[in-house]
Amino acid sequence: VQLVESGGGLVEAGGSLRLSCAASGRTSETHVIGWFRQALGKEREFVAAIDWSGRNIAYEHTVKGRFTISTTNAKNTVSLQLNSLKPEDTAVYYCAASGLPIRSMQNAYDYWGQGTQVTVTS
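Reading the values: rules and limits
Residues numbered from 1 in each chain as written. Predicted model: local features only at pLDDT ≥ 70, side-chain atom pairs only at ≥ 80, totals over all residues. Heavy atoms only, no water. Helix = DSSP H or I, 4+ residues; strand = E, 2+ residues; numbered from the N terminus. Contact = heavy atoms within 4.5 Å. Pairing = 2+ DSSP bridges. Axes fitted to C-alpha atoms, helices over the stretch in contact; angles between N-to-C directions. Buried < 20%, exposed > 50% of the residue type's maximum accessible area, 1.4 Å probe, protein only. Disulfide = S-S within 2.5 Å. Phe/Tyr/Trp six-rings, centres within 6.5 Å; stacked < 30°, edge-to-face > 60°. Core = buried A, V, L, I, M, F, W, Y, C linked by side-chain atoms within 4.5 Å.

Colleague: Could you give an account of the side chain of Arg66, naming the residues involved and the relevant values?
Modeller: By the secondary structure assignment, Arg66 is in the loop between β6 (57-59) and β7 (67-71). Those residues in contact with Arg66 that sit more than four places away from it in its chain are Gln81, Leu82, Asn83, Ser84, Leu85, Lys86 and Asp89.

Colleague: Which residues make up the sheet that holds strand β8 (residues 77-82), and what values do they have?
Modeller: Through backbone hydrogen bonds, the strands of a sheet pair up, either in parallel or in antiparallel fashion. Ordered in space as β1-β3-β8-β7, the 4 strands form an open sheet in which the pairing is antiparallel. The open sheet is flanked by β1 (2-6) and β7, the only strands paired with a single partner. Neighbour to neighbour, the strand axes of the sheet diverge by 15 degrees on average, direction disregarded.

Colleague: Provide a residue-level description of unusual backbone geometry, including the pertinent values.
Modeller: Its identity as a non-glycine residue notwithstanding, Ser84 has a phi of 50 degrees, on the positive side. A residue is classified by how much of its surface remains accessible, and Ser84, at 41% relative accessible area, is partly exposed.

Colleague: I'd like a description of the state of the cysteines, backed by residues and values.
Modeller: By the definition in use, this model includes 1 disulfide. With a sulfur-sulfur separation of 2.1 Å, Cys21 is cross-linked through a disulfide to Cys95. Taking the sign of the S-S torsion, 70 degrees for the link of Cys21 and Cys95, the bridge is right-handed. With Cys21 in strand β3 (residues 17-24) and Cys95 in strand β9 (residues 91-98), this residue pair connects regions lying 74 residues apart in the sequence. In this pair, the class of Cys21 matches that of Cys95, namely buried.

Colleague: An account of the environment of Leu10 is requested, with residue identities and associated values reported.
Modeller: Counting through the fold element by element, Leu10 comes out in strand β2 (residues 9-12). With 32 residues separating them in the primary sequence, Leu10 and Lys42 have C-alpha atoms 20 Å apart. Residues within four places of Leu10 in sequence aside, it is in contact with Thr119 and Thr121.

Colleague: Can you break down the packing of aromatic side chains residue by residue, with the values?
Modeller: For the coordinates displayed, the defined rule picks out 4 aromatic pairs. An angle of 80 degrees between the planes, with centres 5.1 Å apart, marks the rings of Phe36 and Tyr109 as edge-to-face. One end of the pair, Phe36, is in strand β4 (residues 32-38); the other, Tyr109, is in the loop between β9 and β10 (111-112), and 73 residues separate them in sequence. Take Phe36 and Tyr109: they sit in the same class, and that class is buried.

Colleague: Now, about the nonpolar core: what can you tell me, with residues and values included?
Modeller: Core analysis: the biggest nonpolar cluster contains 26 residues, and Trp35, Leu80 and Tyr93 have the highest contact counts within it. Of all elements in the fold, only β3, β4, β5 (45-51), β7, β8, β9 and β11 (116-121) reach the threshold of two or more residues within this core. Apart from residues lying up to four places away in sequence, Tyr93 is in contact with Glu5, Leu19, Trp35, Phe36, Arg37, Val47, Phe67, Leu80, Leu82, Gly115, Thr116 and Val118. Judged by nonpolar contacts, the second largest core, of 7 residues, contains Phe46, Ala49, Ala108 and Tyr109.

This is the structure we're talking about:
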């Protein structure tokens, strides 16, 4: 399974970005796509996850209500809409794929993308 993120960039506080994760290869082996982020000098943390059906979704509490995760029925793209961005949202955002039900732990995810940088200025 290959994952490629896109859509990162530089935005002012209060602005929006839309990240995409394009999945290819043996996506039939996966059940969930998660988004994680890693700020400079900090550990990577869970942001949100969705199963390919779109019926099961989870968010980290600091992004709930600001970020929205969604997927296509084609089982190949997951988007993360980032609204009301704050400087503390600045990080490299990664998408990851898992064959398990939704989990927030990184070790539940077997495949990872290279990441896309999101920078929010105050």
